[in-house]
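Residue strings, one per chain:
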Amino acid sequence: MPKSQHSFTSIRPKGEALVWFTGMGLSVGILLIIGLLGIILKNGLSMFWPDTIYEVQLVEGSTAGPRNGQNFAGAIALERHKRLQEATNAGLTSEFQFFAGNKDAYGQMYHYVDADQIVTDATGEPLFTPASGILQLERIEFGDALGFPLEIQLADGTTITEPEALKAALFKTIEESNERLETYTKIEKKQIGRINSKMESIRLEQRALREELGEAAAETSPQIQELNEQQAALQAQYTELAAEARELRERRHQDSLLLRLATGEERRISFENITQAHFPNEMSLPGKVGFFLKQIWRFMSEAPREANTEGGIFPAIFGTFVMTLLMSLAVMPFGVVAAIYLREYATQGVIVRAVRISVNNLAGVPSIVYGVFGLGFFVYVLGGSIDELFFSHKLPTATFGTGGVLWASLTLALMTVPVVIVATEEALSAVPRGMREAALACGASKWQAIQRIVLPASAPGILTGLILAMARGAGEVAPLMLVGVVKLAPSLPLDGEFPFVHLDRKFMHLGFHIYDLAFQSPDSDAAKPMVFATTLLLIVLVIVLNLSAITIRNHLRKKYKGDTF
Amino acid sequence: MNRYFHKELEEIRSKLILIGEKANEAGRLAVEGFIESDLEKTQAAVKMDDEIDDLEVEIDRASVRYITLRSPVSSDVRLIFVAIKASHDLERAGDEAHSIAKKTRTILTRDGKVKNPVEIEKMSALAFAMMRDAITSLLDENLELAQGIIKRDKEVDRINKENYTTLYNEMKGEHGDSSTHVETILISKSIERIADHAKNLAEEVIYLLTGE
Amino acid sequence: MSQTPETTNARADFEPFIQIKDNYNFWYGSTQVLFDMNLDIPEKQVTAFIGPSGCGKSTLLRSINRMNDLIEGIHHTGDITIADQSIYDPSLEVISLRKRIGMVFQKYNPFPKSIYENIVFSLRIAGRNKKSELDEVVERSLRGAALWDEVKDRLHESALSMSGGQMQRLCIARAIANNPEVILMDEPCSALDPIATGKVEELIHELKKDYTIVIVTHNMQQAARVSDRTAFFYLGKLIEYDVTDNIFMKPSNEQTEAYVSGRFG
Ligand SMILES: Nc1ncnc2c1ncn2[C@@H]1O[C@H](COP(=O)(O)OP(=O)(O)OP(=O)(O)O)[C@@H](O)[C@H]1O
Ligand SMILES: [Mg+2]
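The shown structure was predicted, so the numbers you read here are calculated from the model rather than taken from an experiment.

### Section: the site of ligand 1
All names here are of chain C.
1) Next: Every residue near ligand 1 is listed here: Tyr28, Val33, Ser53, Gly54, Cys55, Gly56, Lys57, Ser58, Thr59, Ile71, Glu187 and His218.
2) Next: Between glycine 54 and ligand 1, the recorded distance is 2.8 Å, taken from a backbone N or O atom to an oxygen atom.
3) Next: Between ligand 1 and cysteine 55 there is a distance of 3.2 Å, counted from an oxygen atom to a backbone nitrogen or oxygen.
4) Next: In isolation ligand 1 has 630 Å² of accessible area, and contact with the protein removes 61% of it.

### Some thoughts on the layout of surface pockets
Residues and elements named next belong to chain A.
1) Next: One number sums up the size of the second largest pocket: a volume of about 1,000 Å³.
2) Next: Lining the second largest pocket are 39 residues, and of these Ser46, Met47, Asp51, Tyr110 and Pro529 sit closest to its centre.
3) Next: Here the element with the most residues in the lining of the second largest pocket is helix 17 (residues 524–560); it accounts for six residues.
4) Next: Looking at the lining of the second largest pocket, its residues break down into 19 nonpolar, ten polar and ten charged.

### Let's talk about the environment of A:Gly473
1) Next: Examined against the element boundaries, A:Gly473 turns out to sit in helix 14 (residues 446–474).
2) Next: Apart from the residues lying within four places of it in its own chain, the contact partners of A:Gly473 are A:Met323, A:Met327, A:Leu412 and A:Thr416.

### Focus: the interface of chain C and chain B
1) Next: Tallying the contact residues gives 14 residues for chain C and eleven residues for chain B.
2) Next: Buried surface at the junction of chain C and chain B, summed over both partners, amounts to about 1,100 Å²; 57% is from carbon and sulfur atoms.
3) Next: Considering only the surface of chain C that becomes buried against chain B, C:Glu202, C:Arg225 and C:Met249 emerge as the three largest contributors, covering 46% of it.
4) Next: Here chain C and chain B share one salt bridge between them.
5) Next: Here B:Arg65 and C:Asp245 are joined by a salt bridge, their closest N and O atoms 2.3 Å apart.
6) Next: The interface formed by chain C and chain B includes six residue pairs in polar contact (both at pLDDT 80 or more).
7) Next: Looking at the side of chain C that touches chain B, the elements that each hand over two or more residues are helix 8 (194–207), helix 9 (220–226) and helix 10 (244–249) of chain C.
8) Next: If you tally residues by element for the side of chain C that touches chain B, the top one is helix 8 of chain C, at six residues.

### A look at the UniProt feature "domain: ABC transporter" (unreviewed entry) in chain C
1) Next: Feature annotation in UniProt assigns "domain: ABC transporter" (unreviewed entry) to the following positions: residues 18–260 of chain C.
2) Next: The distance separating the terminal C-alpha atoms of residues 18–260 of chain C is 25 Å; by composition the span is 37% helix and 27% strand.

### Observations concerning the side chain of C:Gln222
All names here are of chain C.
1) Next: With respect to the helices, strands and loops of the structure, glutamine 222 is situated in helix 9.
2) Next: Assessed through its relative accessible area of 3%, glutamine 222 is described here as buried.
3) Next: Sequence-distant contacts of glutamine 222, that is, excluding residues within four places in its chain, are made with Cys189, Thr197, Glu201, Thr217 and Ser227.

### A word on the pattern of salt bridges
1) Next: Scanning the entire structure with this criterion turns up 49 salt bridges over all chains.
2) Next: C:Arg154 is the salt-bridge partner of C:Glu157, the closest N and O atoms lying 3.5 Å from each other.
3) Next: Through salt bridges with shared partners, one network takes in A:Lys172, A:Glu176, A:Arg180, A:Arg251 and A:Asp255.

### Details of the confidence of the model for chain C
Residue and element names in this part refer to chain C.
1) Next: Considering every residue of chain C, the mean pLDDT works out to 87; 95% of them sit at 70 or more.
2) Next: Low pLDDT (under 50) marks residues 1–11, which in the prediction has 17 contacts with non-local residues, meaning those over four places away or in another chain.
3) Next: Model confidence for the complex is summarised by a pTM of 0.72, with the ipTM given as 0.88.

Analysis parameters
Residues numbered from 1 in each chain as written. Chains lettered and ligands numbered in written order. Predicted model: local features only at pLDDT ≥ 70, side-chain atom pairs only at ≥ 80, totals over all residues. Heavy atoms only, no water. Near = heavy atom within 4 Å. Polar contact = N/O pair within 3.5 Å; in protein donor to acceptor, adjacent residues only side chain to side chain. Areas by Shrake-Rupley, 256 points an atom, 1.4 Å probe, with all protein chains shown as cover. 1 Å grid on protein atoms, 1.4 Å probe; cavity = no way out; pocket = protein on both sides within 12 Å on 5 of 7 lines; lining within 4 Å. Points joined across faces, edges and corners; volume = space filled by probe spheres on them. Helix = DSSP H or I, 4+ residues; strand = E, 2+ residues; numbered from the N terminus. Nonpolar A, V, L, I, M, F, W, Y, C, P; charged D, E, K, R; others polar. Contact = heavy atoms within 4.5 Å. Buried area = accessible area lost by both parts, 1.4 Å probe. Salt bridge = Lys/Arg side-chain N within 4 Å of Asp/Glu carboxyl O. UniProt positions renumbered as here; feature names shortened; annotations may be inferred. Buried < 20%, exposed > 50% of the residue type's maximum accessible area, 1.4 Å probe, protein only. pLDDT = per-residue confidence, 0-100.

Have a look at this one:
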């Protein structure tokens, strides 16, 4: 047989196995990503969906459930096989986790019940009937309440018990109560807050004057007199506003709802504690969808409550956003300038190569090390000096001498700068030589050529670097814990109060929020859905930031496209 | 698109016109000198030959330069080749005029006057018309005109033969000096050759225009 | 072999504008690529550099506006003068030298900017930003590059939206925007189709009324068509330099003859 024929009949060409191998690598990657995203999506989103509340009937003699054997109502949170050891004893495999709410009455919101403790139907399956007419209340304290409404008692003495009227009055009262809440928060936060800050500045002025003139002379000086008068006027205003707020508060406190729990006891709940109510078993599908969307919106736009396990995560979203933005603003110019020098000006030799390797290796330093550096350098050294120089009157209260959004951003910028430098260097070297030569041949100096031609042309590549840096920075938690992130920030780093941007403020961050919910929360069952929802949001935020950078990059690419080389 | 060096092609073309006109003019002067027994015209015709020769060299040179430097293709190449060939034909026509003039001069210096001009006038009119038309057809790229010329050559050939017979018979009857007759026969032959060159030129024009 | 007589012979009959003289030698690191060059280029004429690949045409061309300075480790001996001024004169800045010399590259390389901005680039970097002046320069340059009628309605569109031939003419327009004395072209048509090539050649023929042009080309027909004088290089040496007619019709050197007749190598 001729030799050549042999190679044609070979079934498996050489190297084909490698193609399978690469394909396999990709599929594993895709599978992991899809799996992870799927879990996060499902768990994150299910938190917003109004679950059906079932009546859970327990078998005779059972001691399970929130009230030791009494029937109760709850949503099924989980069904799973029991731990092996117990299962072998009982010969049963399954247990349920119910969400029964009413933490104030039951002590905890989630309860595990073995399947054999639940009354079964003809087929032997556990019998769950939707609890008709059950009301789910979202409360400021103690989490959700589940129960059947009995009566509403208003501050003016009226009581409503008739079911239909009660339903209408319930929603109306919640709405009114929320309006009152808004009004008095506005009074307390905005107006009284303004008065407070004015009083504070008067106080500081007084102190300065006293120091200047001496204690005794100050008392008689006209300036102090005037300040005192102003202070008195403000005090009067304050009293007035405070009274108004108190009245509204009082009113909210007095309205109340009487609820019968599925376990039999009755509880009276003040409307000041209720933020929202719905009848989960009576909702139509569109109603549920509407509720679902509304819950998502509330989650994104409201502040957290109850040690972060309830309410929304708006401050964390905002904090993450502002921090990432500040980080980008810091890392961009720094990284780009460094890369320009490295690539364009430095004589390419041993030293530059060493610098380049060091920069690349910086990306591998554990992020907590950056946190420590940020704390030591930015917070204590830089922040401390700034405080001494500019904010000495506030000492010993630190302004910049403690963690804050600025220091956190700078720390992350430092951490991500290698990414930007590497990407920028790539982008610079990818600019066609012809373009540079053309600029130089036109009589441009080197800097002019870089500034006017090379940099714009490499902008898409530089932005890619920024995208990577942002993705890394936005998801980072460890260093932030040292340089300014907090569990609960009293105010946002950006607001309507002069000077609007408060770089010294501490802030909340989605990544840290996740950590806090998952590991620091008192009720981990209650926090679990929040963990997923927050993770989902962090991912969405990173995607949104990246998408906007990618859009800009594509726009630039189109602009600088063309087949020049 | 017209390229700047197409101007050079135009120059070759106009030199071609010039050489054509000169050849025709030389022929006309030579024949008129013969018919009118005008020695002066004859002398002028003799002199023109050098100019024609120079022009041909110029055309050849320009054509070779154009081919070397401008890398012409298609109709431009054909034009160049036709220019080389046509200038050659025209130069030969000029040579014929030169020889007519020289022979006329011999007759005139010997006899003082041309006694029997036979059908030279009519024949030369035909031949020069052919030559003019050939040049016109070249310049105007007139295919029909060029194709017509080829047929017209027959008439000139016929008259030439007639002239020959007439002169030959005369020579047989008249026992005297027959050298004038011989020279007249040669003059007639030269005119016939001019017509042949015209025909050649026409054929080249046909080649230029059709590529066949 | 008799090289020197031919070159010196060709030198006598005109006033040189660019002079490569004093046995110009050029090295990339330790590799010498140009050997003992002496070459006088006339004003307002087209001079073509031809020769096989790697013979140093581009190197010599890029020496004239000192583009080679960008490469590390180069050095030279000898001198190049433009209008009797040495380009290596320490008091002469490279930037101002390049402003006097326009350059057109093998591959059209417009900036990723608008047509307008491409042309005024050299003015803007010199700090000349007056609108009326820029407008005037744009029109003059585009007309000079025979491009005005084609693009006058889309001056502010991206230059990258043009055809290859248009882009190359834009690069020529950019090169003449600053009113240079010399235009250097390194294989300006090698990326263009015959029609675009024809247009550029036509343009070169027009431009030589105002500018001294030096063009490197691999296309011998092109050298024959556009140039007034032609220099043939081989292995870094100037083999023959003469008026184009002589180089192509009766070269005195047999290597030249072999090269132009395609019998080389
Ligand atoms: N940057 C460089 N560093 C080192 N050697 C170089 C460099 N540029 C060119 N050379 C060498 O110099 C010699 C001449 O190159 P040059 O580019 O001038 O040739 P050329 O005649 O323009 O060739 P081509 O026709 O292919 O463009 C070549 O041998 C080349 O390898
Ligand atoms: Mg080259």
